[in-house]
Amino acid sequence: MAVKEKVWTYEDYLSLEEEKRYEIIDGELLEMPAPSLKHQKVIWNLAYVFRRYQEKKDCGDFYLAPVDVVLSEEHVVQPDLVFISKDRLSIARGRGIFGSPDLVVEVVSPSTFKRDTEDKRKLYAKYGVKEYWLVFPEERVVEVLTLEGNEYEVFSHAFESGKVCSKLLEGLFLNLEEIF
């Protein structure tokens, strides 16, 4: 007879030590490794581009990791960068974001490849995240995915050079040279 593993919830998550980073996906507790220096540099470069856009458009707020995104009691994630539109800012409060952000960016590391490209892709689609960006620093690739029905489709893609654009945030273009 199989022993059922513990199903982790947001309440359990709040009791964890704060020195480490965790996520809960489908009730499973997952420790997150510290990001590499390259990963951190890419996040800062992305944040700079998004911040410039936000200052011009004043359309909502961007948040950088670590920030808890509580999609449900059994789904708590810490994306690298999130955007919440101005009319939905009430979901950002206190300890984190309680509901689906409008846009999520994940900088993909070798250690989180499957989690970011498969598990979170399904999770974000399930909870209605409108736009999902996957950034691959090693390959110098950025994919912008938009939610069409219940699945993501590639809206914009660039490899090594060129630029990508957002469908959700009108006028947001990102030159890969600025990021990598």
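Above this text you will find the structure in question.
Owing to the predicted nature of the structure, the values given are computational and were not obtained by experimental measurement.

**Details of the overall build of the protein chain**
Looking only at helices and strands, the protein chain features four helices and 14 strands. Expected size for 180 residues packed as a compact globule is a radius of gyration near 16 Å; at 16 Å, the protein chain falls within 12% of this value. Each of the three principal axes of the protein chain carries a C-alpha extent, and together these read 55 × 35 × 35 Å. Burial status across the protein chain gives 47% buried among its 180 residues. In the protein chain, the proportion of contacts linking residues at least 24 apart, taken out of those at least 6 apart, comes to 49%. When the accessible surface of the protein chain is summed, it comes to about 9800 Å², and 50% of that surface belongs to carbon and sulfur atoms. If you average the places of the 24 positive and of the 34 negative side-chain charges in the protein chain, the two averages end up 3 Å apart.

**Overview of the environment of Ser15**
In this fold, Ser15 is placed in the loop between helix H1 (10–14) and strand E1 (21–25). For Ser15, a relative accessible area of 59% gives the class exposed. Looking at Ser15, its side chain comes within polar contact range of the main-chain oxygen of Asp12, at 2.6 Å.

**Quick notes on a negative patch on the surface**
Negative charge collects at one region of the surface, where Glu5, Glu11, Asp26, Glu28, Glu73 and Glu74 lie side by side. Topologically, Glu73 is positioned in the loop between strand E4 (68–72) and strand E5 (75–77).

**Quick look at the sheet that holds strand E6 (residues 81–85)**
Strands sit in the order E3-E6-E9-E10-E11-E12 across an open sheet of six strands; the sheet is mixed. Each edge of the sheet is formed by a strand with only one pairing partner; in this case those strands are strand E3 (60–64) and strand E12 (151–159). Neighbour to neighbour, the strand axes of the sheet diverge by 15 degrees on average, direction disregarded. As judged from the eight bridges shared by strand E11 (residues 141–148) and E12, these two strands associate in the antiparallel manner.

**Things to note about the pairing of strand E10 (residues 131–136)**
In terms of residue burial, E10 counts as a mostly covered element, since six of its six residues are buried. Neither face of E10 is left uncovered, since the one carrying Glu131, Trp133 and Val135 and the one carrying Tyr132, Leu134 and Phe136 both have all their residues buried. Examined bridge by bridge, strand E9 (residues 103–107) and E10 share five bridges and lie parallel to one another. Considered in E10, the bridge of Val104 is made with Tyr132. In terms of handedness, the path from E9 via helix H3 (residues 113–126) over to E10 forms a crossover that is right-handed. Taken together, the six bridges between E10 and E11 define a ladder with antiparallel strand orientation.

**Quick word on the nonpolar core**
Of all hydrophobic cores here, the largest spans 24 residues; its most connected members are Leu46, Phe50, Val105, Trp133, Val164 and Leu174. The element that contributes the greatest number of residues to this core is helix H2 (residues 37–57), accounting for seven residues. Once you skip the residues sitting within four places of it in the chain, Leu174 turns out to touch Leu46, Val49, Trp133, Val142, Gly162, Lys163, Val164 and Ile179. In this structure, Ile91, Ile97, Tyr124 and Tyr132 belong to the second largest nonpolar core, which totals 22 residues.

**Let's talk about H3**
Its 14 residues place the ends of H3 19 Å apart at the C-alpha level, agreeing with the 20 Å of an ideal helix rising 1.5 Å per residue. Along H3, the sharpest kink reaches roughly 40 degrees, centred on Lys120.

**Looking at the side chain of Asp80**
By the element assignment, Asp80 lies in the loop between E5 and E6. Despite its burial, Asp80 pairs with no opposite charge, the nearest such side chain being Arg21 at 4.9 Å. At 3.1 Å, the side chain of Asp80 forms a polar contact with the side chain of His39.

Calculation rules
Residues numbered from 1 in each chain as written. Predicted model: local features only at pLDDT ≥ 70, side-chain atom pairs only at ≥ 80, totals over all residues. Heavy atoms only, no water. Helix = DSSP H or I, 4+ residues; strand = E, 2+ residues; numbered from the N terminus. Rg over C-alpha atoms; globule rule 2.2 N^0.38 Å. Buried < 20%, exposed > 50% of the residue type's maximum accessible area, 1.4 Å probe, protein only. Contact = heavy atoms within 4.5 Å. Areas by Shrake-Rupley, 256 points an atom, 1.4 Å probe, with all protein chains shown as cover. Lys, Arg positive; Asp, Glu negative; His and termini not counted. Charge placed at Lys NZ, Arg CZ, Asp CG, Glu CD. Polar contact = N/O pair within 3.5 Å; in protein donor to acceptor, adjacent residues only side chain to side chain. Patch = residues over 30% accessible without salt bridge, like charges linked within 9 Å, V, L, I, M, F, W, Y side chains within 5 Å. Salt bridge = Lys/Arg side-chain N within 4 Å of Asp/Glu carboxyl O. Pairing = 2+ DSSP bridges. Axes fitted to C-alpha atoms, helices over the stretch in contact; angles between N-to-C directions. Right-handed = clockwise from strand over helix to strand, strands pointing away. Core = buried A, V, L, I, M, F, W, Y, C linked by side-chain atoms within 4.5 Å. Expected span 1.5 Å × (residues − 1). Bend = angle between axes of the 7 residues up to and from the residue.

All quantities given are derived from atomic positions and should not be read as evidence of function.
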